[in-house]
Amino acid sequence: MRTEDWPEFEPPDAPGFASLTKVSVRRPSAARGKKSDITDTLASMRAAPEFLNASVPPPRQEMRDVTPTLSTDIVSFWNDLRSSQALPSRDNLRASDIAARWPNVVLFRCEQPGDIRPDTTFATALRAHRTGEGTIARGVEITAMLSQWILSVARNSAERGEPIRDTSRFDTPHGPISYELAAVPFGAGTVDHVLCNIDRAPSAT
């Protein structure tokens, strides 16, 4: 037999491998126009942030004032300090908070029942925070009778454990003057301090 008459012989494929000539590498026509996943991802990303120009100041926004309104009445101030407690603590009382608003205040220490004395340490702190001369302002003249009245109201506030307001009239070389006094107690469970504020009463009209 001549060699050209031999049948064509194709070697068998190796086990586990397919002939690469039989694999189609063409993309189906339906998938040619389809977007890849990364295309949608990039489209959904935010634009890069713009950098501020140093020569152009940023726009200013009006800020809302959230500063709490300060109490002008010392009893209201006392209520704010005590919150839900029966009495506010002496530790919450700062001379810097009251020196300018109430220049005629005196803090008493309650060492024993019925025995109250001025707190000299607090008085020194008050003087350090006051801008005017002297410790008493707005025409309040401290006399012996006025001092006895202040002590009496302070003791009453300490015994009752609640604020007390009182008004009294005193004769002075300049004529009779009416004063208003407010006493507010401080303490943890029991009263250990009483803060008194005195001022001239408004003139009657």
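In this text, all values refer to a predicted model and were calculated from it rather than measured experimentally.

Draft legend 1. Spatial organisation of the overall build of the chain. Helix and strand content of the chain: 5 helices and 5 strands. The N-to-C order of helical and strand elements in the chain reads α-α-α-β-β-α-α-β-β-β. Looking at the chain residue by residue over its 205 residues, the buried ones come to 26%. Of the roughly 16000 Å² of accessible surface on the chain, a fraction of 53% belongs to carbon and sulfur atoms.

Draft legend 2. Representation of the packing of aromatic side chains within the structure. Counted under the stated rule, the structure contains 3 aromatic pairs. Taking 5.2 Å as the distance between ring centres and 55° as the angle between the ring planes, the aromatic pair formed by F77 and W102 counts as tilted. Taken together, the positions of F77 in helix α2 (residues 74-82) and W102 in the loop between α3 (95-98) and β1 (105-112) put the pair 25 residues apart, joining distant regions of the chain. Between F170 and Y179 the ring centres are 6.1 Å apart and the planes differ by 50°, which places this aromatic pair in the tilted class.

Draft legend 3. Here's a closer look at the nonpolar core. Formed by 38 residues in total, the largest nonpolar core has its most connected members in I98, W149 and L195. Ranked by residue count, the leading element in this core is strand β4 (residues 175-188), at 7 residues. With residues near it in sequence (within four places) discarded, L195 still touches I74, L93, I98, V105, V106, L107, F122, A182, A183, V184 and F186.

Draft legend 4. The layout of surface pockets, seen in detail. Counted as a void, the second largest pocket has a volume near 210 Å³. Every residue lining the second largest pocket is counted, 13 residues in all, and those nearest its centre are D73, R165, E180, A182 and N197. Going through the elements one at a time, β3 (164-172), β4 and β5 (190-200) are the ones with two or more residues in the lining of the second largest pocket.

Draft legend 5. Examining the pairing of β1 more closely. Both β1 and β5 contribute to a ladder of 5 bridges, which runs antiparallel. Counted as the bridge partner of F108 is V194 from β5. Bridge analysis of β1 against strand β2 (residues 115-118) gives 4 bridges, and the strand direction is antiparallel. Pairing of F108 across the sheet is with P118, part of β2. Connecting β1 to the next strand, β2, in antiparallel fashion are 2 residues, including G114 with a positive phi near 85°.

Draft legend 6. Structural context of the pattern of salt bridges. Within this structure, the stated rule accounts for 5 salt bridges. Between R94 and D97 there is a salt bridge, and its shortest N-O distance comes to 3.1 Å. Across the salt bridge formed by R109 and E111, the nearest N and O atoms sit 2.3 Å from each other.

Draft legend 7. Representation of the state of the cysteines in the model. For the structure shown, the criterion picks out 0 disulfides. Just so you know, C110 is unpaired, no disulfide at all, and the nearest cysteine sulfur is the one on C196, 9.2 Å from it.

Draft legend 8. The arrangement of helix α5 (residues 144-160) in detail. The terminal C-alpha atoms of α5, which comprises 17 residues, lie 25 Å apart, in line with the 24 Å expected from a rise of 1.5 Å per residue. When α5 is considered as a whole, its buried residues turn out to be L146, W149, I150, L151, V153, A154 and S157. The inward-facing, buried residues of α5 abut β1, β2, β3, β4 and β5. Of the residues one or two after α5, G161 is the one with positive phi, at around 70°.

Draft legend 9. Main features of the sheet that holds β1. Strand order in the open sheet formed by 5 strands is β2-β1-β5-β4-β3, with antiparallel pairing between adjacent strands. Among the strands making up the open sheet, the edge pair consists of β2 and β3. Across this sheet, the average inter-strand angle for adjacent strands is 30°, counted without regard to direction. Note: β3 against β4, 9 bridges, orientation antiparallel. Bridging across to β4, R165 finds its partner in A182.

Quick notes on the rules
Residues numbered from 1 in each chain as written. Predicted model: local features only at pLDDT ≥ 70, side-chain atom pairs only at ≥ 80, totals over all residues. Heavy atoms only, no water. Helix = DSSP H or I, 4+ residues; strand = E, 2+ residues; numbered from the N terminus. Buried < 20%, exposed > 50% of the residue type's maximum accessible area, 1.4 Å probe, protein only. Areas by Shrake-Rupley, 256 points an atom, 1.4 Å probe, with all protein chains shown as cover. Phe/Tyr/Trp six-rings, centres within 6.5 Å; stacked < 30°, edge-to-face > 60°. Core = buried A, V, L, I, M, F, W, Y, C linked by side-chain atoms within 4.5 Å. Contact = heavy atoms within 4.5 Å. 1 Å grid on protein atoms, 1.4 Å probe; cavity = no way out; pocket = protein on both sides within 12 Å on 5 of 7 lines; lining within 4 Å. Points joined across faces, edges and corners; volume = space filled by probe spheres on them. Pairing = 2+ DSSP bridges. Salt bridge = Lys/Arg side-chain N within 4 Å of Asp/Glu carboxyl O. Disulfide = S-S within 2.5 Å. Expected span 1.5 Å × (residues − 1). Axes fitted to C-alpha atoms, helices over the stretch in contact; angles between N-to-C directions.

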